[in-house]
Structure formats: C-alpha cells, structure tokens
Amino acid sequence: MQIITRQVKDKPLTVTIEYPEYNDSVSGLIRKINSMDIGFCANVDGRRIKIGLSETYYIENVERKLFIYTAEDVCRLDLSMSEAEALTADTGLVRISRTCIMNTDHLKEIRQVKNSHLEAVLDNGEMLIVSRKYLKDIKRVFQKG
Amino acid sequence: MIMRKILKDTCILAALMILAVFLISIIWSGVTDEIGLVLKLFGLAFILSVLNCLFDEYIYLSIVMNYVVKYFAITGIVMLFGFIVGWFYPNNFWMAFIYVGVVIILAYFIDSFRVKKDIEYINEQIAGRVITSANFAPEQTEA
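Basis of the calculations
- Residues numbered from 1 in each chain as written.
- Chains lettered and ligands numbered in written order.
- Predicted model: local features only at pLDDT ≥ 70, side-chain atom pairs only at ≥ 80, totals over all residues.
- Heavy atoms only, no water.
- Helix = DSSP H or I, 4+ residues; strand = E, 2+ residues; numbered from the N terminus.
- Buried < 20%, exposed > 50% of the residue type's maximum accessible area, 1.4 Å probe, protein only.
- Contact = heavy atoms within 4.5 Å.
- Pairing = 2+ DSSP bridges.
- Axes fitted to C-alpha atoms, helices over the stretch in contact; angles between N-to-C directions.
- Buried area = accessible area lost by both parts, 1.4 Å probe.
- Salt bridge = Lys/Arg side-chain N within 4 Å of Asp/Glu carboxyl O.
- Polar contact = N/O pair within 3.5 Å; in protein donor to acceptor, adjacent residues only side chain to side chain.
- Nonpolar A, V, L, I, M, F, W, Y, C, P; charged D, E, K, R; others polar.
- Parallel < 35°, antiparallel > 145°, perpendicular 65-115°, else oblique.
- Left-handed = near helix turned anticlockwise from the far one by under 90°.
- 1 Å grid on protein atoms, 1.4 Å probe; cavity = no way out; pocket = protein on both sides within 12 Å on 5 of 7 lines; lining within 4 Å.
- Points joined across faces, edges and corners; volume = space filled by probe spheres on them.
- Domains from an automatic or database assignment.
- Expected span 1.5 Å × (residues − 1).

### Observations regarding the overall build of chain A
Counting secondary structure elements, chain A contains three helices and eleven strands. Ordered by position from the N terminus, the helices and strands of chain A form the series β-α-β-β-β-β-β-α-β-β-β-β-β-α. The principal-axis extents of the C-alpha atoms in chain A amount to approximately 50 × 40 × 25 Å. A buried classification covers 37% of the 145 residues belonging to chain A. In chain A, once contacts between residues fewer than 6 apart in sequence are set aside, the share between residues at least 24 apart is 42%.

### Some details on the sheet that holds strand β11 (residues 127-130) of chain A
Residue and element names in this part refer to chain A. Reading across from one edge, β9-β10-β11 is the order of the three strands in this open sheet, with antiparallel pairing throughout. With partners counted over all chains shown, the strands left at the sheet margins are β9 (107-112) and β11, one partner each. Adjacent strand axes in the sheet meet at a mean angle of 25°, parallel and antiparallel pairs treated alike. With five bridges connecting them, β9 and strand β10 (residues 118-122) associate as antiparallel partners. In the sheet register, Gln-112 faces β10, and the bridge partner there is Leu-118. The sheet strands contacting helix α3 (residues 135-144) are β9, β10 and β11, and the helix crosses β9 at an angle near 145°.

### Comments concerning the interface of chain A and chain B
At the interface, 32 residues of chain A touch 30 residues of chain B. Carbon and sulfur atoms supply 53% of the area that chain A and chain B bury against each other, a total of about 2900 Å² over both sides. In this structure, Lys139(A) and Asp118(B) form a salt bridge, with 3.0 Å as the shortest nitrogen-oxygen distance. Applying the counting rule to chain A against chain B returns two residue pairs in polar contact (both at pLDDT 80 or more). Those elements that provide at least two residues to the side of chain A that touches chain B are β1 (4-7), β7 (93-97), β9 and α3 of chain A. The element that contributes the greatest number of residues to the side of chain A that touches chain B is α3(A), accounting for six residues. Split into classes, the residues belonging to the side of chain A that touches chain B amount to ten nonpolar, eleven polar and eleven charged.

### A short note on the sheet that holds strand β6 (residues 74-77) of chain A
All names here are of chain A. Here seven strands make up an open sheet; going across it, the order is β3-β2-β6-β5-β4-β8-β7 and the pairing antiparallel. A single partner strand is all that each edge strand has here, and the edge strands are β3 (47-52) and β7. Direction aside, neighbouring strands of the sheet carry axes that sit 35° apart on average. Note: β7 against strand β8 (residues 100-103), four bridges, orientation antiparallel. Bridge assignment links Val-94 to a residue of β8, and that residue is Met-102.

### Considerations on the packing of helix α2 (residues 33-58) of chain B against helix α3 (residues 63-85) of chain B
Residue and element names in this part refer to chain B. Interaxial distance between α2 and α3 falls to 11 Å at its minimum, and their mutual angle equals 150°. Taken together, the axes of α2 and α3 lie roughly antiparallel to each other. In the packing of α2 onto α3, the handedness of the crossing is right-handed. Contacts between α2 and α3 involve Lys-40, Gly-43, Leu-44, Ile-47, Leu-48, Leu-51, Asn-52, Phe-55 and Asp-56 from the first element and Asn-66, Val-69, Lys-70, Ala-73, Ile-74, Ile-77, Val-78, Phe-81 and Val-85 from the second. Of the residues that constitute the contact of α2 with α3, the class distribution is twelve nonpolar, three polar and three charged.

### Quick look at the layout of surface pockets
Each pocket or cavity is described by its volume, and for the second largest pocket that value is around 1300 Å³. Taken together, the elements giving at least two residues each to the lining of the second largest pocket come down to β11 and α3 of chain A together with α1 (2-29), α2, α3 and α4 (95-134) of chain B. The biggest single contributor to the lining of the second largest pocket is α4(B), with 14 residues. The residue makeup of the lining of the second largest pocket, split by class, is 21 nonpolar, six polar and 14 charged. Per-domain counts for the lining of the second largest pocket show at least three residues from each of domain 1 (1-30) and domain 2 (43-133) of chain B.

### Here's the deal with α3(B)
Every α-helical turn comprises 3.6 residues, leaving residues that sit three or four positions apart pointing alike. Residue and element names in this part refer to chain B. Compared with an ideal rise of 1.5 Å per residue, which puts 23 residues at 33 Å, α3 spans 32 Å between its outermost C-alpha atoms and is within 8% of the ideal. Taken together, the buried positions of α3 are Ile-63, Asn-66, Tyr-67, Lys-70, Tyr-71, Ile-74, Thr-75, Val-78, Met-79, Phe-81 and Gly-82. Positioned one or two residues after α3, Gly-86 has a phi angle of 85°, which is positive.

### Regarding the pattern of salt bridges
In this structure the tally under the stated criterion is twelve salt bridges over all chains. The salt bridge involving Glu109(A) is made with Arg111(A); its shortest N-O contact spans 3.8 Å. Given the relative accessible area of 33%, Arg111(A) is considered partly exposed. A network of salt bridges, in which partner residues are shared, links Arg132(A), Lys139(A), Asp111(B), Arg114(B) and Asp118(B).

Printed below as a string of structure tokens:
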C-alpha cells in the first residue's frame, strides 16, 4: 500500500482512496477512517469534553453508570450500554463482556490464564476480563481488517 | 471454516425440514408419538439454549468450573423435563447424567480448541498490525 500525503490550503481534510479492486482491506480502511469522526461527549469534573474514538481505551458499565477510559482520564458518559454499543457498531470497539466495550486498536494481547478466564492486555498495561461468549466478536473485528 | 459453515447450515436445514414435514403431518393426522418426541426435544433444546445464553452472560468462572456447573444445571433440567414428559422413571433417572455427560465432554473439548484457535488468530493479527505500522512511511508533497 502506498501512502501519499499533501497539504492543500483552504480545503477541509480530505481522504481519497484508490484501489485496484474493492476487497476486505479496502472496506476495513474505510471503516477505520469513518470511525475517526466518531466521538463521545463526556463529563469530567462538571465540564463537557469530546473524546475521540482513537483516544478511547474502553467503556465500562459500573452500577448502571457508563464510564469511558482513555490513557489518563476516566469520564462519565450520559449513554446507556446499548446506545454506546450502537454508536460504536462497525468500528474497532467491541463488546468483551456484559459490562465492557473495548477498543481493539489498543489491544496488545489476549491470553487465557491457566485454563481459566480470558484476559485482554491493553497497550497501557491495563487488563480486562473477556467473556468467552464475546471472543468471536473480537475475532470478527480483526477479520474485517 | 467452509466445512464448519456447511455442517452448521446442514443442521439448520435439517431442523427446518423436520419442522416443515411434521407441521404438514400434524395437520393431516395429528400429533403422533414420534412427532411428539421430536417436538419435546426441540422444546428441551430451546430451554437449554436459553439457560446457556443466560449462564454465559452473567456467570464468570474458569473454563473447567464453567462446564462442571453447566453439567449439573443441564442434568437437573433434563431430569426434570424427562420426568414431566415421561422419559425417565425413578429407576432410570440416572441415565440423564450419562447422556448429558457425553454431550458436555464433547462440548468442552470443542470449546477449548476453538477458544485456543481464536486467541492465536487474534494475537497473530495484533502482531501483524505492529509490524505494518512500524513500516509506515508516507510520501509528502505540497499542492
């Protein structure tokens, strides 16, 4: 794949994709670029901030309240789990348990702890419990490219 | 992968064929013993699928404990269902432990193998992603 970037003044950021034939790699690339425009409005210390999808590490439901985790911050989201899941459909974010949605872009490794539960290790060193039921969904994200 | 899809589709198609053929037979000649047995099996399969779905959603245990708990839960339901529909009697109810045991052991090995393969696949993809991003070097021009 050849990547060419060029500065064009007074025009919005534009991405042009040229491909010899439309395949899974191309659709995966389009999906990733589209997902860059998605963001969450979160509350932190009474302020409202926008958190981009790429900054999101995971979203967790704690006692029916939704929290979004970035590399440094934890913010409250005014969404339900199903709303967050719908918003992140067809992106790199995937449900990994009943209470957690993880960004696979920050996934470093999946491991099984001695024939026991499954763990997802993120690139910031955090570990999340993965339900076996959702392992297929994680695999599907990587199959899409 | 293709073989698995074919086997899965075969099972679904066979189930649909059985239901379609039996539906016509029920209209024609009512519920016979054979049709009743198959419908009861479908009913039991539905109850077990609901239980399995709830179990996977709400209970986090190790893979071995998961199957041990499932074994006793499923055996209990099969026995209860068997007593209600007349499959089991007080002198042969223990057979449920054998029937469920065989299915659970097979499911355990298939599940363990599948989980291992899925983890390997995901980790391979992550490793490939790291190599690709390390080789990233865009050309830059100005218009």
